[in-house]
Amino acid sequence: MAQQDRIPPPPPDVPAHRTQMVEQGRFCLARCTCGWRGPARRARSQARTDAERHTDGV
């Protein structure tokens, strides 16, 4: 994994689950600071939905 792909850990006053969108070619996926990674999606909106479901389920 390239260093720019890593999600920095959250500061102590921020909840443990912070997601971000990562683009890989034609695909987009969500990653979280807890280590969770969603499936690669062609639609950014679906990757965002995956991230929302992950943080809502925590």
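Conventions adopted
- Residues numbered from 1 in each chain as written.
- Predicted model: local features only at pLDDT ≥ 70, side-chain atom pairs only at ≥ 80, totals over all residues.
- Heavy atoms only, no water.
- Disulfide = S-S within 2.5 Å.
- Pairing = 2+ DSSP bridges.
- Helix = DSSP H or I, 4+ residues; strand = E, 2+ residues; numbered from the N terminus.
- Expected span 1.5 Å × (residues − 1).
- Buried < 20%, exposed > 50% of the residue type's maximum accessible area, 1.4 Å probe, protein only.
- Arc of directions from axis to C-beta.
- Contact = heavy atoms within 4.5 Å.

Trainee: Before we go on, may I ask you to explain the state of the cysteines in this structure?
Mentor: The bond known as a disulfide is covalent and runs between the sulfur atoms of two cysteines. Considering all chains together, one arrives at 0 disulfides under this definition. Distance from the sulfur of C34, which forms no disulfide, to the nearest cysteine sulfur (C32) is 3.6 Å.

Trainee: It is not clear to me how the pairing of strand β1 (residues 19–24) should be interpreted in this structure. Could you clarify?
Mentor: When a strand is regular, its side chains alternate between the sheet's two faces. Both β1 and strand β2 (residues 27–32) contribute to a ladder of 6 bridges, which runs antiparallel. Paired with Q20 across the strands is R31, a residue of β2. The loop that links β1 with its antiparallel partner β2 comprises 2 residues; one of these, G25, has a positive phi angle of about 65°.

Trainee: What am I meant to see in the environment of A43 here?
Mentor: For A43, the position within the fold is in the loop between β2 and α1 (44–56). Remark: the alpha-carbon pair of A43 and L29, spanning 14 residues in sequence, is separated by 9.1 Å.

Trainee: Would you take a moment to explain α1 for this structure?
Mentor: For an α-helix, the turn length of 3.6 residues means that residues three or four places apart are oriented alike. An ideal rise of 1.5 Å per residue puts 18 Å on 13 residues; α1 measures up with 18 Å between its terminal C-alpha atoms. Of all the positions in α1, only A47, D50, A51 and H54 are classed as buried. The buried residues of α1 occupy an angular sector of 95° when the element is viewed end-on, so they sit on one face. Facing away from the buried side of α1 by over 90 degrees, the exposed positions are R53 and D56. Here the buried face of α1 lies against β1 and β2.

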